[in-house]
Each structure stands twice: as structure tokens, then as C-alpha cells.
Amino acid sequence: MKLVGIELWRVDLALSNPVATSQGSHGPRPVLYVRVVTDEAEGWGECGALPGGTAVDPALDDVDVAVAERAVPRLFQAGASRGGELVGAPSVARLFGEGPLERVVAATIEMAVLDAELRSSATALAERLGAVRAVVESGGVVGIPPGRDPGALVDAAARLLDGGARRVRFKIEPGWDTVPARALRTAFPSAALLADANGAYRRGGTDDDASVLCALDDYGLVCIEQPLPAPDLAALGILAAELATPIGLDESLGTVRRLAEAIRYGAVAVACIKPSRIGGLLAARRALAMAAEAGIDGFVGGFFESGLGRAANAAVAGLCGSSLPGDLSDPADYLVEDPCGYLEVDGGAVRLTTAPGVGAAPDSAVLARLGAVGRWFPYRS
Ligand code: MG
């Protein structure tokens, strides 16, 4: 496929219900799309970065600059060294470094390149990745309710479960942990519940949180996700031996190599894999294969993507290493408007598409109506 050019689209989407976590709350949801145009097909990629960066994830504005100023020229250089051919999706990650920003950039570009390849060969993403199921399970997430009101938390979880969510992941932080766990377990005796701490607890020193984390053992949780900060794999391994509840890792899993280290430390029983963070759909596939090989559970996590990014994540959730429900609910549930549309969802069941490509793309009329700004970079050999 001969490169014709690359277009970047920036659009301001918004979350209909901001989600509070121990790391702050999300409201606006601007999105960057990349459109790779070739002489045979075009492909779309969605950037997963959120407007506010964290210790492990870059902010969208920084990714936007890196894509426009570094990734586009690099893709063009790679094309020039191939006689104008678009670089193959498996080679995209090698054009970029291993840092958090570079991985998100690589993931965004790789999705667009893969989408173009798949459309050109009339292949669906799920088939290309080797999905083992046609329908994947979706779970829901509830934030910390205003005023830390357990009643509001239970109501929010009830809405998710009534809508078909196959599990409820709820946010915890010091001072808001056993209360929500007890409220949810009492209201939903048999529901699959995950507590997500976003790295908010500490071990050692004067404020050791081991006892409060151990107290969560009473509530039959699927796991406590990221109880300690991302870098502390050794401490997470020690904590895992002290808790009856399995430990899940999310922010710690920035690369496939980090997952291998976490497995070696005994620090992970449930791996939350986010394709955008780990460097792309193909890296996510390697991570889930590693999880399956190690006998640990895996699921696909999300960043409140629009329908394009989420359809890509759903295809990844079809892989055998994805053993638990993922963050795959319909973006219409949390975005005021989704320019892409999504897959067929029936309650908590998401049907993977057999159409060529990732399975969703932004509608240009909707982008225009939302005031999206496009930038076109023509390829010149
Ligand atoms: Mg998490």
C-alpha cells in the first residue's frame, strides 16, 4: 500500500457522568484520531490518552504534539526507505521508544496502520488477532460518589448490573475502602466485585495500610487492583502473600516486560491490559498470551474511549488470555456524543464485528458538527 498522507483530527468529546477516582476526576474527554491514507485503503486510529496525565500515562496534548511533530515524519521516513510503502503494523512499535509517551504514540499509529491493512485485505481485527470467541463480556466501573455516600454507590452499581454488566469495578482510596466493599457486598451478594485503588495505599513506615487491605478479604472480591504505586513490584509481591484477595495490576503494566517481572515477583493474579498504554493492540495480544501461559487472569481495561478505540479493545478481549469481563460498555453510556458508533451490545455481551478493519470509524459529518479540527500531512517521496 503506497502512502498518500496522514490526517490528524482533534475533537472535544465530553463524559456524561464524570468518574471520581483516587487520582482525580474526569470530565472533558477530548480525543485525537489518526487517519492513514494509502492508495488501496485508509485506516483510523484512536489515541487513548486522557486530558490529564498521571505518573504513568501521558496527557493527550503531549501525545498530540509528539504524533504531529515526530510520529508523522517517522512514518514518512519509514515509508521512504520502503519505496513509499506504508510500514507494516508489526513494525510500527519499533519506530518508537519504550517510554510511556512513545508507547501511546505507537499504539495510536499502529491502530490506524492495522485498520488500513485489514480493510485492504477485507479482514476483521478479531480474526487478525486470533480471537477465540465472537461475543465478549463487558463490566462496569463506578467512581467514588459525591460525599462518599454508600447509598449513591449502591444505586450506581445497581444501574450497571441492571444494564447487564458482568462485574462491577469500584474505586477505593484510604478512608473509602471497607465501607463501599461492605455496602456493595451486602446489596449484591453474588456479584463479581473488583476494588480499584489506583495505587493509593502504602506499605512500611508510620502509615502502613496492610491491615485495611487485609480487611477487604472479608468481601469476596475478584481482586484488589493496583493497591500500591506502579513501580513497587517487590512490595506488591510481598503484599500478595499477605492477602487472601488476589492482587490485580493496572498502572504497573506499562510494557509486556513489566508484566513478566510482575509474574516473577508473584505480584499479579489479575492483569488489566490497556492496549493504548502497553504500546498497541499487538503488544496487548502478547501480554494476554503471557498471562494465559502463566495461569493468571486477564482483562482489557479502558480509558473512556470512543467507539473506535473501544471496538479495537473488544477484539483484544476475544483472545484466550482475556478471562474476565473488560471495560467494554457502549461509549454511548458515558460520552455525551460518540462520533464513531460501536458494536452490537446486548446487556453485558458485546458481539465482535466480522466487518473488515477495527470495526468502527469516526463519521465525518459528526466530526464537523462537533467542531473537530483536522490537519493534513501529505506524503512526498
Ligand atoms: Mg485501574
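Worth saying up front: this structure is predicted, and the values here are computed from it rather than measured.

Participant: Mind showing me how you'd approach the overall build of the protein here?
Facilitator: Summing up its helical and strand segments, the protein has 13 helices and 14 strands in all. A globule of 381 residues ought to have a C-alpha radius of gyration of about 21 Å, and the protein, at 20 Å, matches this closely. The dimensions of the protein, computed from C-alpha atoms along their principal axes, are 65 × 40 × 35 Å. A burial count over the protein gives 57% of its 381 residues as buried. Of the contacts made within the protein by residues no fewer than 6 positions apart, 73% connect residues no fewer than 24 positions apart. Computed over 34 positive and 47 negative side-chain charges, the separation of the two mean positions in the protein equals 4 Å.

Participant: I would appreciate a short explanation of the pattern of salt bridges in the present structure.
Facilitator: All told, the structure shown has 26 salt bridges when counted by the stated rule. E102 serves as the salt-bridge partner of R74, at 3.6 Å between the closest nitrogen and oxygen. You can see R74 sitting in helix 1 (residues 60-80) and its partner E102 sitting in helix 3 (residues 100-120), a full 28 residues away along the chain. Owing to a relative accessible area of 24%, R74 belongs among the partly exposed residues under this scheme. Classification of E102 by relative accessible area gives buried; the value is 16%. Between D196 and K171 there is a salt bridge, with the nearest N and O atoms lying 2.7 Å from each other.

Participant: Please explain the side chain of S322 as it appears in this structure.
Facilitator: Residue placement: S322 occurs in the loop between helix 12 (307-317) and strand 12 (344-346). A polar contact of 3.3 Å, which involves the side chain of S322, links it to the backbone oxygen of A317. S322 has contacts with R133, L288, G298, F299, V300, V316 and A317, leaving out every residue within four places of it along the chain.

Participant: What should I look at first to understand the packing of helix 9 (residues 256-264) against helix 11 (residues 281-294) in this one?
Facilitator: Between two packed helices, what matters for the description is the angle formed by their axes and the separation of those axes. For the pair helix 9 and helix 11, the least separation of the axes is 9 Å and the interaxial angle reads 15°. Relative to helix 11, the element helix 9 is oriented roughly parallel. The interaxial crossing formed by helix 9 with helix 11 has right-handed handedness. Residues V256, L259, A260 and I263 of helix 9 form the contact with helix 11, whose participating residues are A283, R286, A287, M290, A291 and A294. Within the contact of helix 9 with helix 11, the residues separate by chemical class into nine nonpolar, no polar and one charged.

Participant: Explanation requested: helix 3 in the structure shown.
Facilitator: Each full turn of the α-helix corresponds to 3.6 residues, which orients residues three or four apart in the same direction. Over its 21 residues, helix 3 runs 30 Å from end to end, which matches the ideal 30 Å to within 8%, given 1.5 Å per residue. Counting buried residues in helix 3 gives 16 out of 21 residues, a clear majority hidden from the surface. Phi turns positive one or two residues past the end of helix 3, at A122, with a value near 50°.

Participant: It is not clear to me how the domain arrangement of the protein should be interpreted in this structure. Could you clarify?
Facilitator: How large an interface is tends to be reported as the accessible area lost when its parts come together. Here the protein is described as being made up of domain 1 (3-122 + 361-376) and domain 2 (127-351). Between the C-alpha centres of domain 1 and domain 2 the distance comes to 24 Å. Residue-level contacts link 39 residues of domain 1 with 37 residues of domain 2. Our enumeration of links across domain 1 and domain 2 arrives at three salt bridges. Between R257 and E98 there is a salt bridge, with its nearest N and O atoms 3.4 Å apart. Counting every contact that joins domain 1 to domain 2 gives 15 residue pairs in polar contact (both at pLDDT 80 or more). Elements represented by at least two residues in the side of domain 1 that touches domain 2 include exactly strand 1 (3-21), strand 2 (24-38), strand 3 (42-46), helix 2 (89-92), helix 3 and helix 13 (364-369).

Reading guide: rules and limits
Residues numbered from 1 in each chain as written. Predicted model: local features only at pLDDT ≥ 70, side-chain atom pairs only at ≥ 80, totals over all residues. Heavy atoms only, no water. Helix = DSSP H or I, 4+ residues; strand = E, 2+ residues; numbered from the N terminus. Rg over C-alpha atoms; globule rule 2.2 N^0.38 Å. Buried < 20%, exposed > 50% of the residue type's maximum accessible area, 1.4 Å probe, protein only. Contact = heavy atoms within 4.5 Å. Lys, Arg positive; Asp, Glu negative; His and termini not counted. Charge placed at Lys NZ, Arg CZ, Asp CG, Glu CD. Salt bridge = Lys/Arg side-chain N within 4 Å of Asp/Glu carboxyl O. Polar contact = N/O pair within 3.5 Å; in protein donor to acceptor, adjacent residues only side chain to side chain. Axes fitted to C-alpha atoms, helices over the stretch in contact; angles between N-to-C directions. Parallel < 35°, antiparallel > 145°, perpendicular 65-115°, else oblique. Left-handed = near helix turned anticlockwise from the far one by under 90°. Nonpolar A, V, L, I, M, F, W, Y, C, P; charged D, E, K, R; others polar. Expected span 1.5 Å × (residues − 1). Domains from an automatic or database assignment.

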